[in-house]
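Residue strings, one per chain:
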Amino acid sequence: MFNGIGVVEMVVIGIVAVLLFGQKLPEVARNVGRGYSELRRNLSELKSSINLDDELAPKRYSSSSNKSSTFESSLDLSDDIEEPTAPKLAPPTPVDD
């Protein structure tokens, strides 16, 4: 994660953190750690729910060995997509003076 950060950069980050947070630095670090662990936990739950949805979803592709027909059938979305239509506009009517 920190491949490009050396000792000097870490010292500068530490000095800036002490200047910004001072006495509250341990509390801030604890809250950042808790937030990071909660983020990782939520991401793993999201990944597992996505994987579970993929396993439960019906297979869209046929089991034929011809890959071109499988690819073409996966591109057949004509039933799913509604074609956009433009409003019908009439030419302006001439005004008699």
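Residues numbered from 1 in each chain as written. Predicted model: local features only at pLDDT ≥ 70, side-chain atom pairs only at ≥ 80, totals over all residues. Heavy atoms only, no water.

Asks: Explain the overall build of the chain here, please?
Replies: For the chain, the count of helices and strands is 3 helices and 0 strands. Listed N to C, the secondary structure of the chain is α-α-α in terms of helices and strands. Counting every position in the chain, which comprises 97 residues, the buried fraction comes to 3%. (Helix = DSSP H or I, 4+ residues; strand = E, 2+ residues; numbered from the N terminus. Buried < 20%, exposed > 50% of the residue type's maximum accessible area, 1.4 Å probe, protein only.)

Asks: Help me understand helix H1 (residues 7-21) in this model?
Replies: Count 3.6 residues to each turn of an α-helix, and residues three or four apart come out pointing the same way. Relative to the 21 Å expected for 15 residues at 1.5 Å per residue, H1 spans 21 Å between its end C-alpha atoms, a close match to the ideal helical length. Positive backbone phi, approximately 55 degrees, marks Gly 22, located one or two places after H1. (Expected span 1.5 Å × (residues − 1).)

Asks: Got a minute to help me understand the confidence of the model for the chain in this structure?
Replies: Do not read the fine detail of predicted coordinates wherever pLDDT is low. Summing up the model confidence of the chain, the mean pLDDT is 77 and the portion of residues at 70 or higher is 67%. Here helix H3 (residues 67-75) is the element of the chain with the lowest mean pLDDT, 52, and H1 is the one with the highest, 90. Confidence drops under pLDDT 50 across residues 64-68; counting only partners more than four residues distant or on other chains, this segment forms 2 contacts. (pLDDT = per-residue confidence, 0-100. Contact = heavy atoms within 4.5 Å.)

Asks: How should I be thinking about a nonpolar patch on the surface in this particular structure?
Replies: Nonpolar side chains collect at one region of the surface, where Val 8, Val 12, Val 16, Leu 20 and Phe 21 lie side by side and expose about 470 Å² of accessible area between them. You can see Val 12 is positioned in helix H1. A residue is classified by how much of its surface remains accessible, and Val 12, at 46% relative accessible area, is partly exposed. (Patch = residues over 30% accessible without salt bridge, like charges linked within 9 Å, V, L, I, M, F, W, Y side chains within 5 Å. Areas by Shrake-Rupley, 256 points an atom, 1.4 Å probe, with all protein chains shown as cover. Salt bridge = Lys/Arg side-chain N within 4 Å of Asp/Glu carboxyl O.)

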